[in-house]
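# Summary of structural features
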Amino acid sequence: MGAASIQQPPPAGVQLASARRPPAPVDSVLDLVGNTPLLRLGRIDAACPGVEIWAKAEFANPGGSVKDRAATRIIRDALKRGDLGDGRRLLDSTSGNTGIAYSLVGAALGIPITLVMPENVSLPRKQITKGFGTELIYSDPMDGSDGAIVLARKLAAEHPERYYYPNQYANESNWRAHYDGTALEIWEQTRGRVTHFVTGIGTSGTIIGTSRRLHELNPDIHCIGMQPDDAWHGLEGLKHIPSSLVPDIYDESVLDETMWMPTDEGWDMSERLAEQEALFVGHSAGANVAAALRVGKQLAEQGREGVVVTVLCDRGDRYFGPLKWEKHHVW
């Protein structure tokens with residue numbers, strides 16, 4: 001078949017998927033981190049006329065979450081400084097998504113990974129990280145993510161020759177991944193029309209890095225950090241700052257507002273997203289969209305227009321178990 005025939009237009013009425021420009025070929029799975037789609041939540045924002053609600057589809061990262069960005073930047077920056085290499089293991093604490101991201105990046109770059117996580121994190125998260133060859137150490141489930149932080153610090157202090165401890169909660173590469181990536185993507189994808197950015201606070205890298213850069217691009221963009229409204233909440237990955245170890249990279253001065261979110265509101269929105277937008281995402285993503293909808297409704301009540309952007313942190317499948325990868329089949 002010659003080149004001329006390849007270039008023939010499709011039959012009338014037929015739309016080829018290839019009419020869109022295909023992604024460029026890449027040399028590594030890490031080249032797929034970032035540049036995630038921005039999705040209009042048209043059924044959700046129908047409740048706030050004149051306001052558009054958009055969400056960054058961070059589940060489109062190869063590791064399935066927004067944490068791919070920070071983990072990639074943290075490890076690559078550590079390699080540049082010479083903190084990693086020669087078999088030294090990266091050790092950090094995680095409640096799940098960062099652990100999966102570290103595991104992915106470690107496998108791609110040949111860096112051994114050890115993770116400390118609360119013993120009660122979801123079974124799929126344990127299985128996925130182990131699938132990449134990661135070593136897991138469990139902390140007391142009653143101590144939550146803060147307990148994992150304390151244990152990781154202890155192990156790093158006791159075995160400095162064995163471990164490099166990047167401490168995602170204090171690592172500037174965390175927020176810089178969003179300063180250099182997420183914020184610029186949102187700006188370009190909205191053509192500079194973004195008026196509000198809202199997302200939850202975990203390590204705080206996403207909200208701090210993105211807000212810092214968006215404010216530089218346009219000081220009028222209103223940036224809102226969302227937190228669970230109770231210390232004993234059920235929004236995995238998010239921090240109730242007043243009752244938690246405050247991340248060193250958290251900078252409240254970057255935020256224009258703090259919003260408090262009940263667990264039920266986040267969970268309910270996760271169900272709505274699946275049923276109304278065909279988006280099966282985790283509960284922290286549901287809480288983010290619930291926060292964006294609050295902003296949208298407030299703007300609509302005031303008769304104002306707006307372009308509100310939030311983050312779909314991850315897929316919902318990693319919150320369910322059991323997830324079993326069979327090595328052998330019985331016929």
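The present account deals with the structure reproduced in this document. (Residues numbered from 1 in each chain as written. Predicted model: local features only at pLDDT ≥ 70, side-chain atom pairs only at ≥ 80, totals over all residues. Heavy atoms only, no water.)

Let's shift gears to the packing of helix H6 (residues 172-189) against helix H7 (residues 205-217). For any two helices packed against each other, the geometry comes down to the angle between their axes and how far apart the axes lie. Remark: H6 packs on H7, axes separated minimally by 7 Å, with the N-to-C direction vectors making an angle of 50°. The angle between H6 and H7 falls in the class oblique. The two elements H6 and H7 cross, and the hand of that crossing is right-handed. Residue-level contacts link Asn174, Trp175, His178, Tyr179, Asp180, Thr182, Ala183, Leu184, Ile186 and Trp187 of H6 to Gly205, Thr206, Gly209, Thr210, Arg212, Arg213, Leu214, Glu216 and Leu217 of H7. In terms of residue class, the contact of H6 with H7 is made up of eight nonpolar, seven polar and four charged. (Axes fitted to C-alpha atoms, helices over the stretch in contact; angles between N-to-C directions. Helix = DSSP H or I, 4+ residues; strand = E, 2+ residues; numbered from the N terminus. Parallel < 35°, antiparallel > 145°, perpendicular 65-115°, else oblique. Left-handed = near helix turned anticlockwise from the far one by under 90°. Contact = heavy atoms within 4.5 Å. Nonpolar A, V, L, I, M, F, W, Y, C, P; charged D, E, K, R; others polar.)

Right, let's get into the sheet that holds strand E10 (residues 306-312). Taken together, the six strands give an open sheet; going across it, the order is E1-E2-E10-E7-E8-E9, and neighbouring strands pair in mixed fashion. Taken across any chain shown, the strands that pair with only one partner, and hence form the sheet edges, are strand E1 (38-40) and strand E9 (257-261). In this sheet, adjacent strand axes meet at a mean angle of 25° when their direction is disregarded. (Pairing = 2+ DSSP bridges.)

Volume-wise, the largest pocket comes out at about 1100 Å³. Looking at the largest pocket, it is lined by 47 residues, and the ones nearest its centre are Ser145, His233, Glu236, Gly237 and Leu238. Contributions of two or more residues to the lining of the second largest pocket are made by helix H2 (67-81) and H6. Split into classes, the residues belonging to the lining of the second largest pocket amount to three nonpolar, four polar and six charged. (1 Å grid on protein atoms, 1.4 Å probe; cavity = no way out; pocket = protein on both sides within 12 Å on 5 of 7 lines; lining within 4 Å. Points joined across faces, edges and corners; volume = space filled by probe spheres on them.)

Moving on, we get to the pattern of salt bridges. Using the criterion set out here, one finds 19 salt bridges in the structure. Between Lys239 and Asp146 there is a salt bridge whose closest N-O contact spans 2.8 Å. Placement of the pair is Lys239 in the loop between strand E8 (222-228) and E9 and Asp146 in helix H5 (residues 144-158), with a sequence separation of 93 residues. A single salt-bridge network, built from bridges that share partners, covers Lys56, Glu58, Arg69 and Glu185. (Salt bridge = Lys/Arg side-chain N within 4 Å of Asp/Glu carboxyl O.)

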